[in-house]
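# Survey of secondary and tertiary structure
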Amino acid sequence: MTTQRTSRALAREAAGLCLTAFGVLGVLVALGALHWAAGLSAAMGGILATGLLIAPKPDASRAAHILRWTAVGVGYSGLTGCAFALCVPLGWIGVALAVTAAGLALTTGRESEGA
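Residues numbered from 1 in each chain as written. Predicted model: local features only at pLDDT ≥ 70, side-chain atom pairs only at ≥ 80, totals over all residues. Heavy atoms only, no water.

## Some points on the overall build of the chain
Keep this limit in mind: The way it works is that DSSP assigns letters per residue, a run of H or I at least four long becomes a helix, a run of E at least two long becomes a strand, and they are numbered from the N terminus. A radius of gyration in this sense is built from C-alpha atoms; the matching globule rule multiplies 2.2 Å by the number of residues raised to 0.38. Burial classes: relative accessible area under 20% of the type maximum marks a residue as buried, over 50% as exposed, and values in between as partly exposed (1.4 Å probe, protein chains only). By definition, residues are in contact when any of their heavy atoms lie within 4.5 Å. For every accessible area listed, the method is Shrake-Rupley and the probe measures 1.4 Å; residues are considered covered only by the protein chains on display.
In terms of helices and strands, the chain carries four helices and zero strands. Its helices and strands in sequence order give the chain the pattern α-α-α-α, from N to C terminus. At 19 Å, the chain has a C-alpha radius of gyration far larger than the 13 Å of a compact globule built from 115 residues. Considering only C-alpha atoms, the chain reaches an extent of 55 × 50 × 15 Å along its principal axes. Split into buried and exposed, the 115 residues of the chain put 12% on the buried side. The contacts of the chain with a sequence gap of at least 6 include a subset with a gap of at least 24, amounting to 37%. Summing over all exposed atoms, the chain offers an accessible surface of approximately 8,900 Å²; the carbon and sulfur share of this is 71%.

## Section: helix H3 (residues 62-86)
Operational definition: What a helix is expected to span follows from its residue count: subtract one and scale by 1.5 Å.
In this model H3 runs 36 Å from its N-terminal to its C-terminal C-alpha over 25 residues, within 8% of the 36 Å that 1.5 Å per residue would give. By the burial criterion, the buried members of H3 are Arg68, Val72, Gly75, Gly78, Thr80, Cys82 and Ala83. Among the structural elements, helix H2 (36-53) and helix H4 (88-107) are those in contact with the buried residues of H3.

## Comments concerning the UniProt feature "transmembrane region" (unreviewed entry) in the chain
Keep this limit in mind: UniProt positions are given in the numbering used here, feature names are shortened, and annotations may be inferred rather than shown by experiment.
When the UniProt feature table is mapped onto this chain numbering, "transmembrane region" (unreviewed entry) sits at residues 9-30 and 36-54. Overall, residues 9-30 shows 100% helix and 0% strand. The separation of its end C-alpha atoms is 31 Å. The annotated region residues 36-54 carries 95% helix and 0% strand content, and the separation between its end C-alpha atoms amounts to 27 Å.

## Observations regarding the side chain of Arg68
This is how it is decided: For this count, His and the chain ends are skipped, Lys and Arg are scored as positive, and Asp and Glu as negative. Criterion for a salt bridge: a side-chain nitrogen of Lys or Arg within 4 Å of a carboxyl oxygen of Asp or Glu.
Within the secondary structure, Arg68 is located in helix H3. One buried charged residue, Arg68, forms no salt bridge at all, with the nearest opposite charge on Asp59 at 13 Å. Residues contacting Arg68, with those up to four places away along its chain left out, are Gly51, Leu52, Ile54, Ala55 and Pro56.

## A short note on the domain arrangement of the chain
To be explicit about the condition: For every domain, the bounds stem from an assignment made automatically or drawn from a database.
We note that the domain assignment places domain 1 (1-32) and domain 2 (35-114) within the chain. The centre of domain 1, based on its C-alpha atoms, is set 27 Å off from the matching centre of domain 2.

## Some thoughts on the side chain of Thr80
With respect to the helices and strands, Thr80 occurs in helix H3. For Thr80, a relative accessible area of 11% puts it in the buried group. Look past the residues within four positions of Thr80 in its chain and what remains in contact with it is Gly91, Gly94 and Val95.

## A look at the packing of H3 against H4
Stated precisely, the cut-off is as follows: Inter-axis angles, ranging from 0 to 180 degrees, are taken between N-to-C directions of lines fitted to C-alpha atoms, where helices are fitted over the stretch in contact. Just so you know how the angles are binned, under 35 degrees is roughly parallel, over 145 roughly antiparallel, 65 to 115 roughly perpendicular, and the rest oblique. Gly counts as polar in this scheme, as do all residues outside two lists: the nonpolar Ala, Val, Leu, Ile, Met, Phe, Trp, Tyr, Cys and Pro, and the charged Asp, Glu, Lys and Arg.
Where H3 contacts H4, the two axes come as close as 5 Å, and the packing angle between them is 150°. The angle between the axes of H3 and H4 places the two elements in the roughly antiparallel class. Here Tyr76, Thr80, Ala83, Phe84 and Leu86 of H3 lie close against H4, whose contacting residues are Val88, Leu90, Gly91, Trp92, Gly94, Val95, Leu97 and Ala98. Taken together, the residues of the contact of H3 with H4 break down into 10 nonpolar, three polar and no charged.

Structural data, given as structure tokens:
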């Protein structure tokens, strides 16, 4: 038996998504009015969080995985760029954290390779 959503449930879902989008846009505009870097940092943080939290299934297409890691890269690069614009040492901290994460990714969790 398939469960189909009623048109009322679909309309409610669409209205909820629109309200959520307008709410996020309002927050970003308000933060941007305070300082451009605050709005941009919030937007990049959202993109980064989306890439990290919404993981495709392991059997998903290669394009889905590439899209996820592209979102992570864009979000983190944007945050690092904002950090450089505000305070150069904060930007270098962002670069150092990315290098550290890359080093950890290369050294852990790859037990399948032969010795």
